[in-house]
Amino acid sequence: MPFESLSAQTLGDIYIGLLGLAVLLYAILDGYDLGVGVLLPPREEKFRDDMIASIGPYWDANETWLVLAVGLLLFAFPQAHSQVLQTLYIPATFMLLGLILRGVSFDFRAKVAQVKKRRWDLSFKYGSLLTCLAQGYMLGIYVTGLRTDLWAQCFALLAALGVTAAYVFIGSCWLILKAENQLQEKAFYWARRGLIALAVGIIAVSIANLTLHDTVRALWLSQPWGYFLMAIPIASFTLLILCGIALKRLPEAGGKWEWLPFTIAIMVFVLSFSALGISYYPFVIPGKLTIMAALSDGNSLRFLLVGTAVVVPLILAYTFMVYRIFAGKSEKLSYY
Amino acid sequence: MDALILSRFQFALNMSFHILFPTITIALGWFLFYFKLRSNISKHPVWMRIYRFWVRVYALSFALGVVSGVTMSFQFGTNWPGFMEKAGNVAGPLLGYEVLTAFFLEATFLGIMLFGIRKVPNWLHTTATLIVAIGTTVSAFWILALDSWMQTPQGHEVVDGIVYARNWFEIIFSPSFPYRFTHMLLASGLTASFLIAGLSAYRIYKGDSKMAPKIALKTATYTAAVLIPLQILAGDMHGLNTLEHQPQKIAAMEGLWETSNRVPLLFFAYPNENDRENRYEISIPLAASLILTHSAEGEIKGLNEFEEHPPVAPVFYSFRVMVSVGLLMLFTAWQGAYFLMRYGKLPPWLLKVFMGMSFSGWVATLAGWYVTEIGRQPYIVTGVLRTEDAVTGLPAGNVVLSFTLYALLYAVLLVAYMRTLTLMCRRSIEIEEITTEEREMAKASKMSRANIRSN
């Protein structure tokens, strides 16, 4: 068996790293298309067509990262998986219902009679919203270490709004990149609103987060990690301010630098995610279950790692290829 | 009702809904690749028309399959935590390989297949179609490898109730895998064939005189006519394999209580598990012994021989539904092939039969899955892990809520799916497909002249 020399500790780190990568890529990729879904304006059909066209070729592959993340959690850390999903059974069910609604509406809307199209558009919009809120709520409960008391619930509701704001923000930055004319103007407007909501959300969640776990607070106030960790929110806010300026100036820039807001959004996602990741290492459920305690059998982990080492670079390569193929402004919607 | 029975209902519901769509897409992907190849070779626009119609059906079926598949992947953890905690060392990597080698491939290249026709060169679009077909098939490979291992486990070791993988080759290629995989691929081939034939027959019946539905009907009918005898053969071999490894399942399928020689084949019966006997039997003497042991004297073990066996009635009836639908498919496909070869078209009554059979593949596949999955009970992994030991400790109320929501949503989606397919047919009847330009193009191409003649 290859990778025989890897210790359980190293395997644990590799798998938590892969899990982290899958969750982060999911949040960024499905994040923007969920955000676009939430933003659909019920009254303007033309915008809805163009917005959906902008995510058409991608959303399916984006969603696959969620399946990979759940699969990795399930397989590498089975105990964590069953604890997390049994505690979060109801919100997970709502998230799935949201994902189902949105996934099918996308296709149905194009094939049904014109009068029914709006109905499927609304189900796309509210399916997306339900998914965002449920994911944020689940994230909130998860970082409390699966607490279910009132404070944890309030925190989770805050996280639900925060995650939705984040998705809306990255979704509107995506639209700036892919849309033109009126819709792009609208996207600039949404992005500015989303930016403010996101900034408030990050501050609120950071403060709440510091009060949740003693170990996390200690880590943030320790040296030298504290300095390094403090650099993350500072960098995030610098980027967000930069993005705010860009969002004001770009509409007059005649199409230049349109990629900037989306790039900044990705960077902010990566930074916030790293802050969470570093804070809770080496736990797979914060404060409750460590990576090592939840890790499954080494032989099986090594067996899947062989495939992962070969396939994940390939996946990234063909994903990149698809983004190159569909680069530039999105085409008018035609579903074949 | 407790969480166990509810979780089982919910899983059965999700699986039944989910399997409908991969059953279509596995084979439909290969049909699309064939249509695309014909289009590339003949340059006749009709093949692209056919491709376009069916790629829409593909996209819709794929979307429904994906969303219900995501739901399935969550259910393992939410409703069957014991399964992953105890058998996760085997199940995890197999599911992981499915996502890595198949799921991403399909989902990514589907984007090119659906939206890339004007963006990429033709060869890349054709390749994308091929990759999507391969991806769906590879996906089926992993899922059936896992299911087969759960039915006929080998290559593992159990220590303190936890399964540890020892030999991956043995795990992936467990004894029932080759039969199960072949049986499923052929089932998909038939499901897609009858769907294509059924919807095309509907278009022709409603007065669509264009070439596209005629050619599609022909392709699908011939495919079905070839696949159905193969499927009967594969099913028979699968049955023999089951007799070797899971004799209690065969006993339930045959409704046989006492071990005996000269076992009759039951057409119909009412198996009564309380009295452990059948009522209202209609049977052919000796036939079951002949089929299963290839000898009229052959002995088959009865249910009373086994300490544990699956619930008899659902397995017994599902098996009969599967076989009856299979035989109907045989007659329909061969009848259709005969008329097409003889007269080049189908009479209206046969068009109606094909319309009625549009979703026959679904019925047979579902019935087949019930036979094999219920037939495995009371185990989730045969001889290793009992279903009741794998279930969630969740409060039943939670499962009631989720079950109700899923059931409602799935019912709505199923109706919407079928209505949308009908609507798509009606629309393509109205649209004048062949333009004058295309007619001239068709005339210019020798290959396609041959096509027109044959219609």
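Whatever comes next refers back to the structure up there.
Thresholds applied
- Residues numbered from 1 in each chain as written.
- Chains lettered and ligands numbered in written order.
- Predicted model: local features only at pLDDT ≥ 70, side-chain atom pairs only at ≥ 80, totals over all residues.
- Heavy atoms only, no water.
- Axes fitted to C-alpha atoms, helices over the stretch in contact; angles between N-to-C directions.
- Helix = DSSP H or I, 4+ residues; strand = E, 2+ residues; numbered from the N terminus.
- Parallel < 35°, antiparallel > 145°, perpendicular 65-115°, else oblique.
- Left-handed = near helix turned anticlockwise from the far one by under 90°.
- Contact = heavy atoms within 4.5 Å.
- Nonpolar A, V, L, I, M, F, W, Y, C, P; charged D, E, K, R; others polar.
- Buried < 20%, exposed > 50% of the residue type's maximum accessible area, 1.4 Å probe, protein only.
- Buried area = accessible area lost by both parts, 1.4 Å probe.
- Salt bridge = Lys/Arg side-chain N within 4 Å of Asp/Glu carboxyl O.
- Polar contact = N/O pair within 3.5 Å; in protein donor to acceptor, adjacent residues only side chain to side chain.

### Details of the packing of helix α2 (residues 45-79) of chain B against helix α6 (residues 177-205) of chain B
All names here are of chain B.
Okay, step 1: Relative orientation of the contacting elements α2 and α6 amounts to 125 degrees, with a least axis distance of 12 Å. In this view, α2 runs oblique relative to α6, as classed from their interaxial angle. Seen from above, α2 lies across α6 with right-handed handedness. For the pair formed by α2 and α6, the contact residues are F53, W54 and V57 on the first element and L195, I196, L199, S200 and R203 on the second.
Okay, step 2: Broken down by class, the residue content of the contact of α2 with α6 amounts to six nonpolar, one polar and one charged.

### Here we look at the environment of B:L130
Residues and elements named next belong to chain B.
Okay, step 1: Mapping L130 onto the fold places it in helix α4 (residues 122-151).
Okay, step 2: Classification of L130 as partly exposed rests on a relative accessible area of 24%.
Okay, step 3: As for L130 and G393, which are separated by 263 residues in sequence, their C-alpha atoms are 44 Å apart.
Okay, step 4: Those residues within four positions of L130 in sequence are excluded, and the remaining contacts are W30 and F33.

### Some words on the side chain of B:T137
Okay, step 1: Tracing the sequence through the fold places B:T137 in helix α4.
Okay, step 2: Those residues in contact with B:T137 that sit more than four places away from it in its chain are B:I26, B:W30, B:F181 and B:L185.

### Focus on the interface of chain B and chain A
A common way to report how large an interface is uses the accessible area buried once the components associate.
Okay, step 1: Taken together, the contact pairs 77 residues of chain B with 65 residues of chain A.
Okay, step 2: For the chain B and chain A pair, buried surface summed over both sides reaches about 6,200 Å², with 75% attributable to carbon and sulfur atoms.
Okay, step 3: It is B:F74, B:F104 and B:F115 in chain B that bury the most area against chain A; as a group they hold 13% of the surface buried on that side.
Okay, step 4: The tally of links from chain B across to chain A stands at zero salt bridges.
Okay, step 5: At the boundary of chain B and chain A, one finds eight residue pairs in polar contact (both at pLDDT 80 or more).
Okay, step 6: When residues of the side of chain B that touches chain A are traced back to their parent elements, those giving at least two are α2, α3 (81-115), α4, β2 (162-165), α5 (168-172) and α13 (396-430) of chain B.
Okay, step 7: Partitioning the side of chain B that touches chain A into residue classes produces 49 nonpolar, 20 polar and eight charged.

### Some points on the pattern of salt bridges
Okay, step 1: A complete count under the given rule lists twelve salt bridges over all chains for this structure.
Okay, step 2: Across the pair B:R386 and B:E308 runs a salt bridge, and its minimum N-O distance is 2.2 Å. Of this pair, B:R386 sits in strand β6 (residues 385-386) while B:E308 sits in the loop between α9 (287-293) and α10 (312-343), and the two are 78 residues apart along the sequence.
Okay, step 3: On the basis of relative accessibility, which here comes to 23%, the residue B:R386 falls in the partly exposed class.
Okay, step 4: In the salt-bridge network here, residues are joined through shared partners; they are A:R48, A:D49, A:R109, A:K117 and A:D121.

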